[in-house]
Amino acid sequence: MTDSEIKYFADKVFVHRWPHDTPLWGDSVKKQLDDSINKNPEKKQVIVREKTIQIQNIAFSSLKKIGISIPFFKDECTMIFEGTFGKLSAHAHITIKQRNYLDIFNQLISWREKLFPSK
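Each residue is numbered by its place in its chain's sequence as written, counting from 1. Where local features are concerned, this predicted model is filtered to residues with pLDDT of at least 70; where side-chain atom pairs are given and counted, the filter is 80 or more; whole-chain, interface and lining totals use all residues. Remark: hydrogens and water are excluded; side-chain values derive from all non-hydrogen atoms of the structure.

## Focus on the pairing of strand β1 (residues 6–10)
Judged by which residues are buried, β1 turns out to be one-sided: I6, Y8 and A10 face inward and are buried, whereas K7 and F9, on the alternate face, are not. Relative to strand β3 (residues 44–48), β1 runs antiparallel, the two sharing five bridges. Directly across from F9, in β3, lies its bridge partner Q45. Relative accessibility under 20% of the residue-type maximum defines a buried residue, over 50% an exposed one, and the middle range a partly exposed one, all with a 1.4 Å probe and only protein chains included. A helix here means a DSSP run of H or I that spans at least four residues, while a strand means a run of E at least two residues long, and both kinds are numbered starting from the N terminus. Two strands pair if DSSP finds at least two bridges between them.

Right, dumping it as structure tokens:
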């Protein structure tokens with residue numbers, strides 16, 4: 001892992017079309033996402049790079065509205081973002097329940113600050 005790359009396995013990931021006024025996803029895209037991410041019970045590899053987030057074999061770019069939080073009373077970290085893969089727009093929810101979720105949370109916050117510096 002390089003300084004500009006964060007790798008971890010997510011316990012739960014859900015990707016859906018967003019915003020709703022963007023082009024509809026074809027059945028093959030829905031099936032690919034369901035098979036590899038949405039309905040796959042296995043942990044999903046997430047690789048966060050400078051300007052992209054890769055979940056399994058799907059890379060998201062044009063990232064915006066990145067939220068990173070630790071829900072009250074839970075030992076987990078959640079990241080939600082908007083981005084594109086190919087020409088399609090998406091909204092992704094990623095949950096990490098690993099023992100080191102605080103370390104991952106801090107790395108993600110630092111990465112987001114570098115991507116979108118505060119004014």
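## What about the nonpolar core?
Buried Ala, Val, Leu, Ile, Met, Phe, Trp, Tyr and Cys residues that are joined via side-chain atoms within 4.5 Å together make up what is termed a nonpolar core. Grouped together as the largest cluster of nonpolar side chains are 32 residues, with contacts concentrated most on Y8 and M79. Only heavy atoms enter the contact rule, under which two residues are in contact if any of them lie within 4.5 Å. Once you skip the residues sitting within four places of it in the chain, M79 turns out to touch Y8, V48, I53, I66, G67, I68, A92, H93, I94, L108 and W111.

## Details of the pattern of salt bridges
Any carboxyl oxygen of Asp or Glu within 4 Å of a side-chain nitrogen of Lys or Arg constitutes a salt bridge here. Applying the stated criterion across every chain yields a total of five salt bridges. In this structure, D11 engages K43 in a salt bridge whose closest nitrogen and oxygen atoms are separated by 2.6 Å. Linking D11 in the loop between β1 and β2 (12–17) with K43 in the loop between α1 (27–38) and β3, this pair joins segments that are 32 residues apart in sequence. For D11, a relative accessible area of 23% corresponds to the partly exposed category. Linking K65 and E82 is a salt bridge whose minimum nitrogen-to-oxygen distance equals 3.9 Å. Within this pair, whereas K65 is found in strand β5 (residues 58–69), its partner E82 is found in strand β6 (residues 77–85), the two being separated by 17 residues in sequence.

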